[in-house]
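These are the residues of each chain, in order.
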Amino acid sequence: MLRILIAEDEWVSAKLMLHLLGKLGGCTLASDGDEAIFHFLAAHARGEPFDVVFLDIGMPKKSGHEVLEAIRDYEAQNGIAPEDAVKVIITTVHNDAESEFAAHLCGCCYMLKPVTREKLVQALYTLGFKECHGE
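This is a predicted model, so every value here is computed, not measured.

Two numbers describe a pair of packed helices, the interaxial angle and the distance between the axes. It is at 10 Å that the axes of helix H1 (residues 11-21) and helix H5 (residues 117-126) come closest, and there the two elements cross at 60°. For the crossing formed where H1 meets H5, the hand is right-handed. Between H1, through Met17, Leu20 and Leu21, and H5, the contact on the second element is made entirely by Arg117, Leu120 and Leu124. Looking at the contact of H1 with H5, its residues break down into five nonpolar, no polar and one charged.

Spelled out as structure tokens, the structure:
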């Protein structure tokens, strides 16, 4: 079972993702950037880090970009090798090549909203969660 952090401020998308991803593991929901960072750090403190983070770019308090930077800084400062870093799926309504390219440079998958089951499964599969394909 996967440990999943969903950082999404839009209520309908968050509920849909909880419903679809809850079948794959335990989900934690963060409704803003500060809350996402809090849950990420708390999971590490418990020794139960998330396997994957679904990260909305346009969130209150801290943007998805700021959250991703905080996550990667934490991992670097704590000696977490890139191959062991949390997998991140960027979720956004913005369909621009520059943002998609930047996400891939950071080792993230890029998923356009609206959220669908097929998009979630494909993003997880792309990041190496082969057991999720066809779930």
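Anyway, onward from the coordinates.
Let's shift gears to the packing of aromatic side chains. Any pair of aromatic rings gets described here by the distance separating the centres and the angle formed by the planes. By the definition in use, this model includes one aromatic pair. An angle of 90° between the planes, with centres 5.7 Å apart, marks the rings of Phe40 and Tyr74 as edge-to-face. Remark: Tyr74 occurs in helix H3 (residues 64-77) and Phe40 occurs in helix H2 (residues 33-45); sequence separation between them is 34 residues.

Conventions used here
Residues numbered from 1 in each chain as written. Predicted model: local features only at pLDDT ≥ 70, side-chain atom pairs only at ≥ 80, totals over all residues. Heavy atoms only, no water. Axes fitted to C-alpha atoms, helices over the stretch in contact; angles between N-to-C directions. Helix = DSSP H or I, 4+ residues; strand = E, 2+ residues; numbered from the N terminus. Left-handed = near helix turned anticlockwise from the far one by under 90°. Contact = heavy atoms within 4.5 Å. Nonpolar A, V, L, I, M, F, W, Y, C, P; charged D, E, K, R; others polar. Phe/Tyr/Trp six-rings, centres within 6.5 Å; stacked < 30°, edge-to-face > 60°.

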